[in-house]
Amino acid sequence: MNLAERSFITKLCQSCGKDPHRLMDIIIGVQGAYARVSGDAMNLIAAELGLPRVDVESAVSFYQFLSKEQKGHVRIRLCDDIIDRMYGFDRILKAFSEELGIGLNQTTPDGKFTFETTACIGMCDQAPAALMNNVVVTNLNSDSVHDLVESLRKNLNPEQLVKKTGNGNNSHPLVRAMVQNNIRRRGPVIFQDFTPGEALRKGLAMSPMEVIRSVKTARLRGRGGAGFPTGMKWEFTRAAAGDRKFIMCNADEGEPGTFKDRVILTEKPNLIFEGMTLAGYAIGAGEGILYLRGEYTYLLDFLNETLKERRASGLLGKSILGKDGFDFDIRIQLGAGAYICGEETALISSCEGLRGDPKNRPPFPAQKGYLGYPTVVNNVETFCCVSRIIEHGAGWFAEHGTKGSSGTKLLSVSGDCRMPGVYEVPFGISIHELLEMVGADDTYAVQIGGPSGQLIGRADFQRTICFDDLATGGAVMIFDEDRDVLEIVQAFMDFFVHESCGYCTPCRVGNVLLKKKLEEIRAGKGEPSDLEYLKSLGETIKATSRCGLGQTSPNPILTSMAHFPDAYLKLLHEDKQGYQPTFDLDEAVATAARIAGHGRVHHED
Amino acid sequence: MSNTITFSIDGKEIECKAGRTILDAAEENGIYIPRLCHRKGVSPHGSCRVCTVIANGKPMAACTTPVTPGMVVENDAEEVTAMRKAIIEMLFVEGNHFCMFCEKSGNCELQALAYRFGIAAPRYPYLFPHREIDFGHPDVFIDHNRCILCARCIRTSREIDGKEVLGFVERGPRKKVAANAEHGLRETEIAVGDEAMAACPVGALMPKHVGYQVPIGKREFDHEPIGSDIEKEAKASTK
Ligand SMILES: Cc1cc2nc3c(=O)[nH]c(=O)nc-3n(C[C@H](O)[C@H](O)[C@H](O)COP(=O)(O)O)c2cc1C
Ligand code: SF4
Ligand code: FES
Ligand code: FES
């Protein structure tokens with residue numbers, strides 16, 4: 001490590017007050033500047049922050065975007081999820097490989113490029129997509145890959161790749177992204193005009209308890225997926241003892257196929273921040289943190305600017321809107337590539353500068369959250385709903401949607417349809433109606449709620465989207481008849497194995513076993529008893545896993561087995577001679593044969 | 001007394017102090033709940049999930065879940081046993097456990113649990129991962145092939161020995177224990193007399209030079225299944 005790097009790191013640590021809880025900011029900063037966090041850098045950071053070195057290494061090695069080994073100047077990360085796989089992922093991968101002259105997870109000898117894949121980056125409506133450092137490139141094809149690499153070779157500056165910016169704030173000078181919003185349907189709650197301060201002014205005229213009561217009367221339930229009643233969560237947190245309290249906004253949006261928070265962050269940041277501020281007022285919190293997934297780093301400057309404007313207008317900071325004693329401010333915490341950090345206790349761990357392991361519950365965040373203080377964690381969209389509830393009234397809000405699921409829901413629609421994008425629909429809409437709305441004529445299967453949700457077929461298309469029937473954090477992926485159900489399931493299991501934090505046995509090991517069995521079945525080595533094997537293993541993982549990841553990760557297999565049994569049955573066959581089809585004699589003795597100097601072992605078929 | 005609460009395990013009414021975990025409360029009453037990552041005296045971890053019970057109808061880790069008044073716990077139930085067996089089998093196939101020539105054999109809690117549950121061979125395919133052995137320290141070594149990621153060494157070292165010699169790195173199936181140094185254990189302050197050395201339930205973190213010294217027949221689990229000590233104490237006290 002040279003002197004410049006040493007002084008860069010020391011200054012960075014100082015600017016974070018040498019606070020070990022700011023470790024994420026520090027390692028993300030070092031990675032950004034040097035394309036790695038070397039062993040020496042870890043030692044220095046550990047010494048500056050007073051942490052064991054292994055704790056720094058623990059965090060660096062946990063997050064996908066951080067690395068101990070040297071990466072290239074430009075890190076190309078091709079989005080790998082089922083939607084990208086449907087729209088030319090293999091071709092694009094090959095094109096990049098050829099243009100760059102390297103394979104996956106390699107760096108060019110000149111140190112200029114590293115080529116990798118990454119889990120869903122929230123661009124399924126403009127797939128195939130990739131990240132070039134923090135710059136998003138969308139709608140890739142083999143020709144554009146050639147041009148991109150050509151242009152990067154000249155200046156190694158991904159920002160120059162953005163020739164034409166997208167609509168709305170994607171063209172804001174602080175965003176400058178080629179991303180499109182694709183807002184296909186504006187409902188009454190999220191995508192209407194909003195004047196910053198409008199809701200807050202009304203809220204501050206009420207007592208904190210009245211604010212909570214409004215949220216309860218509106219029957220608001222969390223939009224992140226689980227649907228917990230927001231008012232109740234706030235009440236618990238308000239009642240909990242603590243010198244400090246925190247409001248956290250979950251903008252990790254890692255569930256493959258979900259991208260609605262991206263569009264809210266781009267177009268309605270004031271609605272989010274205002275909801276967070278109202279929450280702070282309601283529960284008596286002075287500090288808010290918005291956890292922004294690393295994939296959305298391109299929005300960071302814009303969001304910070306919005307916060308600055310709010311401070312300047314008296315909507316954040318001391319004595320907000322002149323209200324004595326109400327001080328509240330918000331900072332943004334960047335993530336670094338880990339789906340698990342969307343789980344609320346893992347999100348808190350990450351904000352605390354730890355690896356993104358979920359925490360044991362109880363205690364719940366409402367009792368002991370960030371740094372041990374009572375903490376509210378809500379989804380981006382939930383906070384937006386709060387702003388509107390206070391702006392227009394609880395009664396107005398509850399008129400939309402159904403009794404058990406009031407309001408509207410943003411859906412991120414992708415896959416086989418003419419108009420992928422974001423739709424704001426009232427709760428209670430049926431799958432049929434939705435498919436018609438998005439231009440999907442020949443739909444065979446729909447994945448509701450992303451991989452952790454369920455895969456349903458035509459028999460279920462009359463069912464409705466709401467908390468009591470088909471619940472979703474927002475993802476709706478559409479598949480036509482010519483898609484291979486097991487390929488979809490495989491992509492999802494690959495994802496869960498990749499994203500498990502590895503803390504608990506059933507999730508860490510069980511998902512690998514599910515994935516392996518699925519691969520065998522797809523390779524034609526399945527036998528009828530495999531169905532029972534998958535079911536029982538899947539149920540065990542769901543029942544015994546420690547957090548929501550493992551408690552839902554077998555869903556792709558379990559729900560596809562229930563709704564598309566033929567996809568499995570047609571691949572399973574009983575071996576007539578009673579052999580185990582999965583047993584491969586050659587493979588089993590390969591190592592022994594190699595050591596003994598034999599070639600292939602021959603046996604009769 | 002306001003700070004004792006009553007609950008039940010397998011239909012048996014039990015009293016315990018408020019704030020106790022299900023596992024501790026059971027143990028105080030002579031009921032053994034199988035466990036691997038849990039170790040007395042250090043903070044609970046909740047990672048192995050072998051202690052899974054059904055509490056008020058929901059599967060929960062007994063080592064991290066506090067008892068609540070009137071809680072109904074199922075421990076000795078077919079469904080619970082099936083889940084525990086599955087988890088133990090997962091641990092066996094995840095690593096490379098060759099008990100027949102392992103120096104921990106007979107004193108290994110993973111092996112002892114397999115015996116207690118009557119597991120002869122796991123139903124899952126072995127994953128045979130390639131894992132390393134850190135043999136650089138003069139007195140101790142880590143054989144990652146046998147590590148079950150219970151964090152008992154990490155917690156014991158930090159909480160009892162007051163040292164920072166180990167931690168976890170990587171995530172998911174690649175997660176592993178790592179030394180608090182660039183080049184392995186030899187650069188740390190670990191010592192063979194550390195409590196952390198005694199904390200490893202399997203043959204992963206081991207002292208050098210003393211393998212196979214206890215003859216078969218005198219090893220910890222040679223005569224009675226793991227957990228018998230807890231169950232026996234109960235029988236003795238009720239007599
Ligand atoms: C593996 C996993 C990933 C999650 N990812 C997100 C996410 O990206 N965004 C989100 O709002 N909630 C996510 N959640 C749900 C959160 O844990 C939490 O329930 C939610 O943020 C609460 O906010 P809400 O009540 O407003 O929905 C995730 C949960 C799990 C188990
Ligand atoms: S289920 Fe377990 S291993 Fe999986 S992410 Fe949650 S805590 Fe980690
Ligand atoms: S002993 Fe409870 S999870 Fe390991
Ligand atoms: S016998 Fe269990 S690890 Fe060796």
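Calculation criteria
Residues numbered from 1 in each chain as written. Chains lettered and ligands numbered in written order. Predicted model: local features only at pLDDT ≥ 70, side-chain atom pairs only at ≥ 80, totals over all residues. Heavy atoms only, no water. Helix = DSSP H or I, 4+ residues; strand = E, 2+ residues; numbered from the N terminus. Expected span 1.5 Å × (residues − 1). Buried < 20%, exposed > 50% of the residue type's maximum accessible area, 1.4 Å probe, protein only. Arc of directions from axis to C-beta. Polar contact = N/O pair within 3.5 Å; in protein donor to acceptor, adjacent residues only side chain to side chain. Contact = heavy atoms within 4.5 Å. Domains from an automatic or database assignment. Buried area = accessible area lost by both parts, 1.4 Å probe.

**Focus: helix H1 (residues 3-15) of chain A**
Given 3.6 residues per turn, any residue in an α-helix points the same way as the ones three and four places further on. Residues and elements named next belong to chain A. Here H1 spans 18 Å end to end across 13 residues, near enough to the 18 Å set by a 1.5 Å rise per residue. Among the residues of H1, Glu5, Ile9, Thr10, Leu12 and Cys13 are the ones counted as buried. Down the axis of H1, the smallest arc covering the buried residues is 160°, so these residues share one side. Summarising the geometry of H1, the exposed residues directed more than 90 degrees from the buried face are Leu3, Lys11 and Ser15. One side-chain oxygen of the residue at the start of H1 lies 3.2 Å from the amide nitrogen of Ala4, identifying that residue as Asn2.

**Focus: the environment of Ser545(A)**
Relative to the helices and strands, Ser545(A) is located in the loop between helix H20 (530-544) and helix H21 (548-552). As a C-alpha pair, Ser545(A) and Asp566(A) span 21 residues in sequence and 29 Å in three-dimensional space. The residues contacting Ser545(A), other than those within four sequence positions of it, are Cys504(A), Pro506(A), Cys507(A), Gly550(A), Gln551(A) and Arg49(B). Here Ile541(A) takes part through its backbone oxygen, which lies 2.9 Å from a polar atom of the side chain of Ser545(A).

**Focus: the domain arrangement of chain B**
All names here are of chain B. The domains assigned to chain B are domain 1 (4-76) and domain 2 (86-207). Between the C-alpha centres of domain 1 and domain 2 there is a distance of 25 Å. Across the boundary between the two partners, domain 1 contributes 17 residues, which contact 22 residues of domain 2. The largest per-residue losses of area from domain 1 upon contact with domain 2 belong to Leu36, Arg39 and Val42, which jointly make up 45% of the total buried on that side.

**Brief notes about helix H9 (residues 208-217) of chain A**
All names here are of chain A. Listing the buried residues of H9 in full gives Val211, Ile212, Ser214 and Val215. Viewed end-on, H9 has its buried residues packed into an arc of 155°, placing them on one side of the element. The secondary structure elements touched by the buried residues of H9 are helix H8 (198-205), helix H10 (230-239), helix H12 (269-283), helix H15 (380-392) and helix H16 (394-398). Just beyond H9, the residue with positive phi is Arg219, at close to 55°.

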